[in-house]
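Structural overview
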Amino acid sequence: VFQKWVNREISNFDYLIQLNTMAGRTYNDLAQYPVFPWILRDYTSEELDLNNPAVFRDLSKPIGVVNEKNAKTVKDKYENFEDPLGTIDKFHYGTHYSNAAGVMHYLIRVEPFTTLHIQLQSGRDAVSKKATPLFDCADRQFHSIPATWQALMDNPNDVKELIPEFFYFPEFLENQNGFNLGQLQISKEVVNDVVLPKWAHSPEDFIYKHRKALESEYVSAHLHEWIDLIFGYKQRGPAAVEALNVFYYCTYEGAVDLDALTDEKERKALEGMINNFGQTPCQL
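Since this is a predicted model, take the numbers as computed values, not measurements.

With that out of the way, let us pick up the packing of helix α2 (residues 12-22) against helix α8 (residues 217-230). Put simply, α2 and α8 touch, their axes get as near as 11 Å, and they point 15° apart. When the axes of α2 and α8 are compared, the pair comes out roughly parallel. In the packing of α2 onto α8, the handedness of the crossing is right-handed. Of the residues in α8, those touching α2 at N12, Y15, L16 and L19 are V219, S220, L223, W226 and I227.

The structure is reproduced here in C-alpha cells:
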C-alpha cells in the first residue's frame, strides 16, 4: 500500500482509510472511528487558493499546537505534571483527537448519531422536535466550521481531528431532519445547517473543495508528517515527547492490562474510561 501511495497510484483519501483500517479503526466502533486530519487553516477567505501554502495547516504538528501560542502551555503542563502514586505518566493533553463523543459531535444531524448523542446527553431515546433539553447546550454543538477551527486555535485542550465524512458526505452538514438544536447564547442565532467557510457555496461545494485540498500537491508532500504523529514513530516514546504529542496513558494500546484486574468494578470503570476517552491507533 505504501509503495502504491508513493507512486501516486492511490489517492491520499484511500491511503488514510487503509492506514486507519490497518491500525484497528473501523466505522463499526465509535471509540475507534477512522481519524482524518484538519488540512486547511483558511476558513474565512472568499476564494480558496490551493496553490498558496499559507492556506494549509502545518501537518508536522499535533492539532493542539498548530497555533504556536499554545505550545508553551502544553509543554509546561507536561513538565509540571507529577502523579503522587506514580502510575500515571506525564502527558501533554488530557483529552484526545478521536473519541466517541467527538464523532457524535460532528455527525449530530444524521441518524443514528442523533439518537446516540441524545442518549449520551440524557439517557433518553425519544427524539422530540419540541424544545426539550435532549441535546447538549447549543453553544457546544457543531454549528460552524470556521468557529470550530477558531476554537481549536484558541484552546489547547480542544484537540479534535476530523472524520472521513468531511471529505465525501455533504449531508452531515445539513439539518435535513429539522432537529431543534437550540440557539447560541450570545448571538441568539438558531443552530440549523452547519455554517460553512466563505469559500464554500453549498455543502456539496465544501466537500468538493475540501477533498481537492486533501489531494493537493501541498498535502501530498506533507501528509506523511501527520501520519508519523498519529500512526507512526512520533506516536509514543521520546519522539512523541519532543513533538508535543503525548496523550493520557489510558489511550495507548497495551497501556493497561485489563485481564490482570480482578476487581470487576475497577475493570468496568477503566473499560468505560478507555471507551469514552479516546484511543490512540495501533502503532504501524
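Turning our attention to empty space enclosed by the protein. A full pass over the atoms with the stated rule returns two cavities of 30 Å³ or more. By volume, the largest cavity amounts to about 70 Å³. Considering the residues around the largest cavity, the lining is formed by 13 residues, among which Y97, S98, N99, V103 and I163 are closest to the centre. Taken as a whole, the second largest cavity encloses approximately 60 Å³ of empty space.

A word on the nonpolar core. Counting 72 residues, the largest nonpolar core has I145 and F166 as the members making the most contacts within it. Within the residue set of this core, elements represented by two or more residues are α2, α3 (68-80), α4 (100-106), α6 (145-154), α7 (203-214), α8 and α10 (264-277). With six residues, the top contributor of residues to this core is α8. Setting aside its immediate chain neighbours within four residues, F166 contacts Y106, F142, I145, F172, F206, I207 and H210. With eight residues, the next largest nonpolar core counts I108, I118, F135 and V191 among its residues.

Our focus in this paragraph is the layout of surface pockets. The calculated volume of the largest pocket comes to roughly 350 Å³. Along its surface, the largest pocket is lined by 20 residues, and H105, R140, T148, D158 and K160 are the ones closest to its centre. When contributions to the lining of the largest pocket are tallied by element, the ones reaching two or more residues are α4 and α6. In terms of residue class, the lining of the largest pocket is made up of five nonpolar, eleven polar and four charged. Roughly 220 Å³ of volume is contained in the second largest pocket. If you go around the second largest pocket, you meet 15 residues; those closest to its centre are Y252, E253, G254, I274 and Q279. Classifying every residue of the lining of the second largest pocket gives nine nonpolar, five polar and one charged.

Time to look at the confidence of the model for the chain. Averaged over all residues, the pLDDT of the chain is 89; the fraction at 70 or higher stands at 95%. Here α10 is the element of the chain with the lowest mean pLDDT, 79, and α7 is the one with the highest, 97.

Below, the discussion takes up the packing of aromatic side chains. Within this structure, the stated rule accounts for 27 aromatic pairs. A centroid spacing of 5.9 Å and a plane angle of 90° characterise the contact between W38 and Y43, whose relative ring orientation is edge-to-face. Take W38 and Y43: they sit in the same class, and that class is buried.

About the thresholds
- Residues numbered from 1 in each chain as written.
- Predicted model: local features only at pLDDT ≥ 70, side-chain atom pairs only at ≥ 80, totals over all residues.
- Heavy atoms only, no water.
- Axes fitted to C-alpha atoms, helices over the stretch in contact; angles between N-to-C directions.
- Helix = DSSP H or I, 4+ residues; strand = E, 2+ residues; numbered from the N terminus.
- Parallel < 35°, antiparallel > 145°, perpendicular 65-115°, else oblique.
- Left-handed = near helix turned anticlockwise from the far one by under 90°.
- Contact = heavy atoms within 4.5 Å.
- 1 Å grid on protein atoms, 1.4 Å probe; cavity = no way out; pocket = protein on both sides within 12 Å on 5 of 7 lines; lining within 4 Å.
- Points joined across faces, edges and corners; volume = space filled by probe spheres on them.
- Core = buried A, V, L, I, M, F, W, Y, C linked by side-chain atoms within 4.5 Å.
- Buried < 20%, exposed > 50% of the residue type's maximum accessible area, 1.4 Å probe, protein only.
- Nonpolar A, V, L, I, M, F, W, Y, C, P; charged D, E, K, R; others polar.
- pLDDT = per-residue confidence, 0-100.
- Phe/Tyr/Trp six-rings, centres within 6.5 Å; stacked < 30°, edge-to-face > 60°.

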